2 protein chains.
Amino acid sequence: MATAPRPDFAFGEATLLLREILKLTKSMELDMGAALGTNPTDFAAMQHLMESGPLSPGELARRLGVSTAAVTGVIDRLEGLSHARREPDPDDRRRLLVVPEPESVRRALDRLLPLTRGAQGVLDELDEDERAVVTRYLSGIAAVYREQLGIEG
Amino acid sequence: MATAPRPDFAFGEATLLLREILKLTKSMELDMGAALGTNPTDFAAMQHLMESGPLSPGELARRLGVSTAAVTGVIDRLEGLSHARREPDPDDRRRLLVVPEPESVRRALDRLLPLTRGAQGVLDELDEDERAVVTRYLSGIAAVYREQLGIEG
DNA sequence: GTTATTAGCTAACCAACTTAACGATATGCT
DNA sequence: AGCATATCGTTAAGTTGGTTAGCTAATAAC
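Procedures and definitions
Residues numbered from 1 in each chain as written. Chains lettered and ligands numbered in written order. Predicted model: local features only at pLDDT ≥ 70, side-chain atom pairs only at ≥ 80, totals over all residues. Heavy atoms only, no water. Helix = DSSP H or I, 4+ residues; strand = E, 2+ residues; numbered from the N terminus. Contact = heavy atoms within 4.5 Å. Buried < 20%, exposed > 50% of the residue type's maximum accessible area, 1.4 Å probe, protein only. Near = heavy atom within 4 Å. Polar contact = N/O pair within 3.5 Å; in protein donor to acceptor, adjacent residues only side chain to side chain. Bend = angle between axes of the 7 residues up to and from the residue. Nonpolar A, V, L, I, M, F, W, Y, C, P; charged D, E, K, R; others polar. Least-squares fit on C-alpha atoms with pLDDT ≥ 70 in both. Core = buried A, V, L, I, M, F, W, Y, C linked by side-chain atoms within 4.5 Å. Salt bridge = Lys/Arg side-chain N within 4 Å of Asp/Glu carboxyl O.

Peer 1: So what exactly am I meant to see when it comes to the side chain of A:Ser56 here?
Peer 2: Its place among the elements puts A:Ser56 in the loop between helix 2 (40–52) and helix 3 (57–64). Dropping the residues within four chain positions of it, A:Ser56 is found in contact with A:Arg95, A:Leu96 and A:Leu97.

Following this line, the structure appears as structure tokens:
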């Protein structure tokens, strides 16, 4: 009873590892944010800007899953820290573009790249067939999640 | 430039899938919470109570990574919804035990079990060697994360 | 048996969201 | 062309979930 109070929770090793990764990811988000002096949401915004280039506040809101009003705050904070700036959108004067500052991008990449390189390194140690197995597993897990959320969460 | 504004972000398929899973997990946490009418933190507390049985507020705070003051609020909300109740700890009269209500546990499991069963199902479709590959991959990823966080996050 | 520590709570505060309303621009319709 | 409608970002006001600091009660240490 002390070690297994609820028999329903008998997880496989892979499942436990996945859970640990999810937990580590949360710490990572805090850590990443700390690197730029931001909260996780603001850092996530930076990630989108780094990956996709300048984005409108509306698009940023959509990607972050928050209201456009909240994104105004995100941009205010990023601008306050000189991580990004507002520029007018030449094609639509209602809209604007949030442009990441190169120096901040560099700093963020300093944190992000070791992670992605490390992840890639793990994959590189696997052969083609093994990578396929991993892909199959992850696809399966993603499918299970999507199904529970009602296809497309 | 439109499709690949930053060449630094060339992710492998597995990495993209892992990212998607992380994203789905967040939706899942909201979804789970909604099932009990709670926020993700409160649901996470329920998960710990379900897995480990009654816990003290302090232990709950430690596991959730929030202050004990915040946990007072968590327990207040769970009690308000009759998902758990406070009981005195027979061994230490300063302490108390947060006990999950069976009916709420049942409702939470209704949501959780399909997920864990689904995840287990994905694993069941792999043979022994393949499962070892998955474990190796996930261990590697976890190690990379831990390393970046400075061993033990 | 006093002193120090621990447990949980309250109080006061704060950060990050939400919805609603608003001004400015763009789009669609006739 | 010109008016009605929709869209974009912002502001304003309110809510939520967290923080730290300080308190009381109970236990542990010497």
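Peer 1: Explanation requested: the side chain of B:Asp42 in the structure shown.
Peer 2: Residues and elements named next belong to chain B. By the secondary structure assignment, Asp42 is in helix 2 (residues 40–52). For Asp42, a relative accessible area of 2% puts it in the buried group. With near-sequence residues (within four places) excluded, Asp42 lies in contact with Val74, Arg77 and Leu78.

Peer 1: Would you mind going over the protein's contact with DNA strand D with me for this structure?
Peer 2: With respect to spatial proximity, 20 residues lie near DNA strand D, and among them A:Pro57, A:Arg86, A:Arg94, B:Thr41 and B:Ser67 are the closest. Contacts to DNA strand D include B:Thr41, whose side-chain N or O atom sits 2.7 Å from a phosphate oxygen. Broken down by secondary-structure element, the contributors of at least two residues to the surface near DNA strand D are helix 3 and helix 4 (68–80) of chain A together with helix 4 (68–80) of chain B.

Peer 1: Just checking my understanding: could you explain helix 5 (residues 102–124) of chain B for this structure?
Peer 2: The α-helix advances 3.6 residues per turn, and as a result positions three or four apart in sequence lie on the same side. Along helix 5 of chain B, the sharpest change in direction is near 35° and occurs at B:Asp110; proline B:Pro114 comes one to four residues later. Within helix 5 of chain B, the full set of buried residues consists of B:Ser104, B:Val105, B:Ala108, B:Leu109, B:Leu112, B:Leu113, B:Leu115, B:Gly118, B:Ala119, B:Val122 and B:Leu123.

Peer 1: Help me out: how do you make sense of the protein's contact with DNA strand C in this one?
Peer 2: Near DNA strand C you find 20 residues, and of these A:Asn39, A:Ser67, A:Arg93, B:Arg86 and B:Arg94 are the closest. Looking at the surface near DNA strand C, the elements with two or more residues in it are helix 4 of chain A together with helix 3 (57–64) and helix 4 of chain B. Split by residue class, the surface near DNA strand C holds 6 nonpolar, 7 polar and 7 charged.

Peer 1: Just checking my understanding: could you explain the relation of the copies chain A and chain B for this structure?
Peer 2: Between chain A and chain B, the superposition needs a rotation of 180° and an axial shift of 0.0 Å, giving an RMSD of 0.0 Å. In the structure described here, the two chain copies are related by an operation that fits a two-fold rotation axis. Ranked by how close their C-alpha atoms come to the rotation axis, the residues of chain A are headed by A:Val134, at 2.8 Å. Both copies contact each other with a shared surface, as 100% of the interface residues of chain A are interface residues in chain B too.

Peer 1: How should I be thinking about the nonpolar core in this particular structure?
Peer 2: The nonpolar side chains of soluble globular proteins are, as a tendency, buried together. Counting residues in each nonpolar core, the largest one holds 86 residues, and the members touching the most others are A:Tyr137, A:Leu138, A:Tyr145, B:Tyr137, B:Leu138 and B:Tyr145. Those residues in contact with A:Tyr137 that sit more than four places away from it in its chain are A:Ala14, A:Leu18, B:Val122, B:Leu123, B:Leu126, B:Val134 and B:Leu138.

Peer 1: Which parts of the structure should I look at to understand the environment of A:Pro100?
Peer 2: All names here are of chain A. Position of Pro100 among the secondary structure elements: in strand 2 (residues 96–100). A relative accessible area of 14% means that Pro100 is categorised as buried. C-alpha of Pro100 to C-alpha of Met50: the two residues are 50 residues apart in sequence and 7.0 Å apart in space. Contacts of Pro100, omitting those with residues within four sequence positions, involve Met46, Leu49, Pro54, His83, Ala84 and Val105.

Peer 1: Would you mind showing me how to read the environment of A:Met46 here?
Peer 2: Tracing the sequence through the fold places A:Met46 in helix 2. For A:Met46, the residues in contact, after removing those within four places along its chain, are A:Leu36, A:Leu78, A:His83, A:Pro100 and A:Ser104.

Peer 1: What is the right way to read the pattern of salt bridges from this model?
Peer 2: Side-chain pairing between opposite charges can occur once the charged atoms of the two side chains come close. Taken as a whole and judged by the stated rule, the model has 34 salt bridges over all chains. For A:Arg85, the salt bridge is made with A:Glu101, and the minimal N-O distance between the two is 3.4 Å. Residue A:Arg85 is located in strand 1 (residues 84–88), and its partner A:Glu101 is located in the loop between strand 2 and helix 5 (102–124); the two are separated by 16 residues in the primary sequence. In this structure, B:Glu128 engages B:Arg131 in a salt bridge whose closest nitrogen and oxygen atoms are separated by 3.9 Å. One end of the pair is B:Glu128 and the other is B:Arg131, both in helix 6 (residues 128–148) and 3 residues apart, which spans about a single turn. One continuous salt-bridge network, built from bridges that share partners, spans A:Glu59, A:Arg62 and A:Arg63.

The analysis is restricted to geometry; functional conclusions fall outside its scope.
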